[in-house]
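Close look at the chain arrangement
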Amino acid sequence: MSLLSVQGLTVRYGPLEAVRGVTFSLKEGEALTLIGPNGAGKTSVLRGLLGLAQAEGKVFLDGAEVRGRSPEALLSWGLVLVPEGRALFPGLSVEDNLLLGGFTRFRRRENLRPDLERVYTLFPRLLERRRQPAGTLSGGEQQMLAIGRALMARPRLLLLDEPSLGLAPLMVQEIYRILGELKREGTTLLLVEQNAKMALSLADRGLVLEAGEVALMGPAEALRQDPKVVEAYLGLSREVEEG
Amino acid sequence: MDATILSFLLLDGLQNGVVYGLLALSLVLVFAVTRVILVPIGELLMFAPLSLVWLLEGKLPGTLWLALVLGGAWALMARGRGALLPLVGGVGLFLLFLLAKEVPPLAYLAAVLLVVYLGVATYRVFFQPMRGATVLSLLIMAVGLHVAYQGLGLVFFGPEQFRPAPLLSGEVVVGLSWQGVLVLLFAALSLMALYLFFRFSLFGKALLAAAENRLGARLLGIRPEEAGMVAFGIASLLAAFSGLLLAPLINAAYFMGFMLGLKGFVAAILGGLASYPVAFLGALLVGFFESFTSFYASAYKEALVFLLLVPALFYQSLRARTVEE
């Protein structure tokens, strides 16, 4: 049975249809990546999924349909988003940001300490800077904090929106090394990326989105060799963007 | 001016200043969490002592019905399990008012709880449904509520001024009554409580987080409507206590709240509606400024206080950056 199954997801902003009838599913422990050009509707898929944007279509978690989608309700199931732009709390300390990641679990009186230790083991840099305001971190460190904060909620399914955006190439590799580690530990990942090369090297399967519709879907390995994908997303353009 | 007058003015300024300070902190908190400039905070403040006076005379104040009507609307809008809080709160409040007639300790409690309930219901009924609106629309709603609540205050309590008996009578030294000491003590305690809440409690930090990044907070399960209710609750609580403690010193009447709220607002603006410490210090400045201008040029007292806004706004406009929504 699939962990997440999305059927015919359509996302609208007023009269504008950003996503049309997108269908995909994810098995436990699997990593799926959504790639595609700017404006293809990648982020909108996530927003529609979480109930942050007006959306039609069905979403199943563990085979049960989710009604009245909201980030809060999905969070308690274990669906956690690391949004584009990270949405950190710049005035609060690194440690407070992390602790707030476990806020719903804190309310259920669960102990957050072991999770905090785990995040600090994954990201030793955050331990060094735990008393600093989050706003003083570098871009890469902020991305680490955003991922660490999401981990505090013990995600069963982690959604990541452009984790490599605006980061130096070395930092991108560091972030992906950690995502790979999370995947090996069994976290299911749904990764939205413009950096198709990195995303396809990590993911098991890929989905190419074009103008709000699924253009291609298949094993990451196959997509990496697909001439159309190579030409559109893995070619020279990538190097230019990274530079 | 001799030393006696100077100390009178300083004490007077301090006593008013700390109340403006608490109002300013409430305004900053409410604005940070919900983007609402809580203009009717002055009315909430005045409803507390006026309701108290009514209860002590054995009458049920009209504010109770207002609170229950808004509570009913809140329960209808919330439905399901969310309706439990307004329903239980409303029934509890009503029973408490029946018991509290002519019983001073209960009457004080009832007046505070009434204002808190009314404040939270105000948020839930009027502001929460328009949470996506611009700051300007929210401000228009706030001004509308201020006018409505002030008018209702006139209907409920009439145009007279009331002076409830102080909790503690007598003077410590000439110029400083025990009631004034209570005001100062309450302000100090509130500041400490707010500091501890925001510094050490994860709930307090969740509120700060909701103020810093609404989307981020939502994604972590910090519901914006809950954060808004807590912010309005804290603001109403501070306003209710301030009103009850201040009323024996300055008289209570339906129109008195607005000026107090406005001075709190001036102080909050001095802190750019963002900084808590600057807002509080600004409020002390407003208090001192007011007491000295009322000595030297009492006719222009209010005008001169608002003159403080000019340099503050000028400074804010110089350092203003583009505001991100």
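To start, this report covers the structure provided alongside it. (Residues numbered from 1 in each chain as written. Chains lettered and ligands numbered in written order. Predicted model: local features only at pLDDT ≥ 70, side-chain atom pairs only at ≥ 80, totals over all residues.)

Description of the overall build of chain A
A tally of helices and strands in chain A yields 12 helices and 10 strands. In summary, chain A has a C-alpha radius of gyration of 18 Å against a globular reference of 18 Å for 243 residues, a match within 12%. When the 243 residues of chain A are sorted by exposure, 42% land in the buried category. In chain A, of all internal contacts separated by at least 6 residues, the share reaching a separation of at least 24 is 67%. (Helix = DSSP H or I, 4+ residues; strand = E, 2+ residues; numbered from the N terminus. Rg over C-alpha atoms; globule rule 2.2 N^0.38 Å. Buried ≥ 20, exposed ≤ 12 C-beta atoms within 10 Å, placed from the backbone. Contact = placed C-beta atoms within 7 Å.)

Some words on the nonpolar core
Counting 170 residues, the largest nonpolar core has Ala-24, Leu-27, Ala-111, Val-112, Val-115 and Ala-240 of chain B as its most contacted members. Here this core gathers at least three residues from each of two domains, domain 1 (1-46 + 60-78 + 155-165 + 172-243) and domain 2 (85-153) of chain A. Beyond its immediate chain neighbours, meaning those up to four positions away, Val-115 of chain B contacts Leu-44, Phe-47, Ala-48, Ser-236, Ala-239 and Ala-240 of chain B. (Core = buried A, V, L, I, M, F, W, Y, C linked by C-beta atoms within 7 Å. Domains from an automatic or database assignment.)

A few points about the packing of helix H2 (residues 41-56) of chain B against helix H5 (residues 104-127) of chain B
Residues and elements named next belong to chain B. The interhelical angle for the contact between H2 and H5, taken along N-to-C directions, is 145 degrees, at an axis separation of 9 Å. Crossing hand, H2 versus H5: right-handed. Side by side, H2 and H5 meet where Leu-44, Phe-47, Ala-48, Ser-51, Leu-52, Leu-55 and Leu-56 of the first sit next to Pro-104, Ala-107, Tyr-108, Ala-110, Ala-111, Val-112, Leu-114, Val-115, Leu-118 and Gly-119 of the second. (Axes fitted to C-alpha atoms, helices over the stretch in contact; angles between N-to-C directions. Left-handed = near helix turned anticlockwise from the far one by under 90°.)

Structural notes on the interface of chain A and chain B
Taken together, the 20 residues of chain A in the interface contact 15 residues of chain B. The set of elements that each furnish at least two residues to the side of chain A that touches chain B consists of helix H2 (71-77), helix H3 (94-101) and helix H4 (103-107) of chain A. The residue inventory of the side of chain A that touches chain B, partitioned by class, reads 14 nonpolar, 4 polar and 2 charged. (Nonpolar A, V, L, I, M, F, W, Y, C, P; charged D, E, K, R; others polar.)

Let's talk about the sheet that holds strand E5 (residues 64-65) of chain A
Sheet strands pair via backbone hydrogen bonds, and the direction of the pair is either parallel or antiparallel. Residues and elements named next belong to chain A. If you trace the 4 strands from one edge of the open sheet to the other, you get E2-E1-E4-E5, paired in antiparallel fashion. The two strands at the open ends of the sheet, each matched to only one other strand, are strand E2 (16-26) and E5. Sheet topology places strand E1 (residues 4-13) next to strand E4 (residues 55-61); 6 bridges connect them, and they run antiparallel. Within E4, the residue paired with Val-11 across the bridge is Ala-55. Its contacts with the sheet place helix H1 (residues 42-50) against E1, E2 and E4, and it is angled at close to 105 degrees to E1. (Pairing = 2+ DSSP bridges.)

Quick look at helix H4 (residues 84-100) of chain B
Residues and elements named next belong to chain B. Over its 17 residues, H4 extends 24 Å from the first C-alpha to the last, a length consistent with the 24 Å expected when each residue adds 1.5 Å. Looking only at H4, the buried set comprises Pro-86, Gly-89, Gly-90, Leu-93, Phe-97 and Ala-100. Down the axis of H4, the buried side of the element spans an arc of 105 degrees, and every buried residue falls inside it. Residues Leu-84, Val-88, Val-91, Gly-92, Leu-95, Leu-98 and Leu-99 are exposed on H4 and point more than 90 degrees away from its buried face. Tucked into the core, H4 has its buried residues touching H2, helix H3 (62-78) and H5. Where H4 terminates, the next one or two residues include Glu-102, which has phi positive at roughly 60 degrees. (Expected span 1.5 Å × (residues − 1). Arc of directions from axis to C-beta.)

None of this, on its own, says anything about what the molecule does.
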